[in-house]
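The lines below spell out each chain.
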Amino acid sequence: VDLIHRQTRWQLRIKDAASGPIIVGDRLITSSSDGFVTASDPMTGKQLWRFATGERLLGPVSAASGRVFVGSGDGTLIALSDSDGKELYRVNLKGPIVSAVAIAEYVYVANAEGQLVALAQQDGVVAWQVSLSSSTWTAPTVTDGRVIIACRNGDIVACDPSTGSAIWKFAAVDVVKASPIVVGKFVVIGTMTGKLLTLRADTGELVSEAALDGAIAWSPVSDGSRIYVATQTGRVHCLGDLHEQRKQADH
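Residues numbered from 1 in each chain as written. Predicted model: local features only at pLDDT ≥ 70, side-chain atom pairs only at ≥ 80, totals over all residues. Heavy atoms only, no water.

S.K.: Run through the nonpolar core, naming residues and quoting values.
M.R.: Soluble, globular proteins show a tendency: their nonpolar side chains are buried together. With 14 residues, the main nonpolar core has Y108, L116, W128 and I149 as its most contacted residues. Those elements that place two or more of their residues in this core are β10 (107-110), β11 (115-119), β12 (126-131), β14 (146-150) and β15 (155-159). What W128 contacts, discounting residues up to four positions off in sequence, is Y106, Y108, L116, V117, A118, D160, P161, S162, T163 and G164. Within the second largest apolar cluster, 13 residues are counted, among which are I148, A150, F170 and V187. (Core = buried A, V, L, I, M, F, W, Y, C linked by side-chain atoms within 4.5 Å. Buried < 20%, exposed > 50% of the residue type's maximum accessible area, 1.4 Å probe, protein only. Helix = DSSP H or I, 4+ residues; strand = E, 2+ residues; numbered from the N terminus. Contact = heavy atoms within 4.5 Å.)

See the structure below:
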């Protein structure tokens, strides 16, 4: 969509497309539940390549270092070349993968059976695997020295990215369906009862809690100074430091 003229530039038909298409270089990459990963030209919509995984794909794609990663309903993680869609490898992790992966030192994958797995980017060899306290629907979040994952039962867990050992755990109690985000030194989590929680990234200590007017089913976003949160009531909330506004009002 052309945001200046508010006109549709092109349309591409993708059956049951997953949420969260990504742009990698000059390619728009999407996945769909019927098993296809498709790369298109973001300016024209022209198909550049299309790969049939032979799997039911439930989550969106992720990419780094020339590779595209996507997980399937039977727990298979598939790695493709982002340039031509050629399959590089696939690894069966047994539990359904319903979210994106996180990529840093390793490829970090959480599945619906409550497993968090770290794999080598280049060949998919499993480096470590840990069991979580419950299943998870969210992608891991990677920050300095932490892999942070939200479990369905409300447990927020920070693990060592090299070994998987637990660093801290916070019990949010409420159901969490959206990945945590990291803003500076803090971790921000939304729950399905409308709570917005802020924790210290290094210790997991609760810093603040806000009650919003609806379930938070999607991850908040931030520009570094403000946090924007959409709820299922159709509202978007903006939270941030009001110090500058108060200062201007005083003058």
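S.K.: An account of the packing of aromatic side chains is needed here, citing residue identities and associated values.
M.R.: Tallying each qualifying case throughout the model produces 2 aromatic pairs. A centroid spacing of 6.2 Å and a plane angle of 85° characterise the contact between Y106 and Y108, whose relative ring orientation is edge-to-face. With respect to class, Y106 is no different from Y108; both count as buried. Pairing Y108 with W128 gives two aromatic rings, centres 6.0 Å apart and planes at 45°, and the pair type is tilted. You can see Y108 sitting in strand β10 and its partner W128 sitting in strand β12, a full 20 residues away along the chain. You can call Y108 buried: its relative accessible area is 0%. Given a relative accessible area of 7%, W128 falls into the buried group. An aromatic cluster of at least three residues, connected via ring pairs, comprises Y106, Y108 and W128. Across the ring face of F36, the terminal group of R50 is positioned such that the distance to the ring centre comes to 3.6 Å. (Phe/Tyr/Trp six-rings, centres within 6.5 Å; stacked < 30°, edge-to-face > 60°. Lys NZ or Arg CZ within 6 Å of the ring centre and 35° of its normal.)

S.K.: Quick one: what's the story with the side chain of S32, residue by residue and with numbers?
M.R.: Relative to the helices and strands, S32 is located in the loop between β2 (27-31) and β3 (36-40). Residue contacts for S32: discarding those within four places in its chain leaves I14, K15, D16, A17, A18 and L57.

S.K.: Which residues make up the pairing of β14, and what values go with them?
M.R.: Burial analysis of β14 places 5 of its 5 residues in the buried class, which makes it a mostly covered element. Every second residue of β14 is oriented toward a common face, with R146, I148 and A150 on one face and V147 and I149 on the other, all of them buried. One ladder, built from 3 bridges, connects strand β13 (residues 141-143) with β14; its direction is antiparallel. In the strand pairing of β14, T143 is matched with R146. (Pairing = 2+ DSSP bridges.)

S.K.: Kindly report on the confidence of the model for the chain, identifying the contributing residues and their values.
M.R.: Taken over all residues, the pLDDT of the chain has a mean of 92, while the share at 70 or more is 96%. Below pLDDT 50 for its whole length, residues 245-249 participates in 0 contacts with residues either more than four positions away or in separate chains. (pLDDT = per-residue confidence, 0-100.)

S.K.: Account for the pattern of salt bridges, naming residues and giving values.
M.R.: Pairing of side chains with opposite charge becomes possible as their charged atoms draw close. For the structure on display, the rule yields 9 salt bridges. The residue E87 makes a salt bridge to R90 at a minimum N-O spacing of 2.9 Å. Among the residues examined, R90 registers a relative accessible area of 33% and is labelled partly exposed. Between E209 and K195 there is a salt bridge; the shortest N-O distance is 4.0 Å. With E209 in strand β20 (residues 206-211) and K195 in strand β19 (residues 195-200), the pair connects residues that are 14 residues apart, well separated along the chain. Note on K195: relative accessible area 28%, which makes it partly exposed. Bridged by salt links that share partners, the residues E55, E87 and R90 form one connected network. (Salt bridge = Lys/Arg side-chain N within 4 Å of Asp/Glu carboxyl O.)

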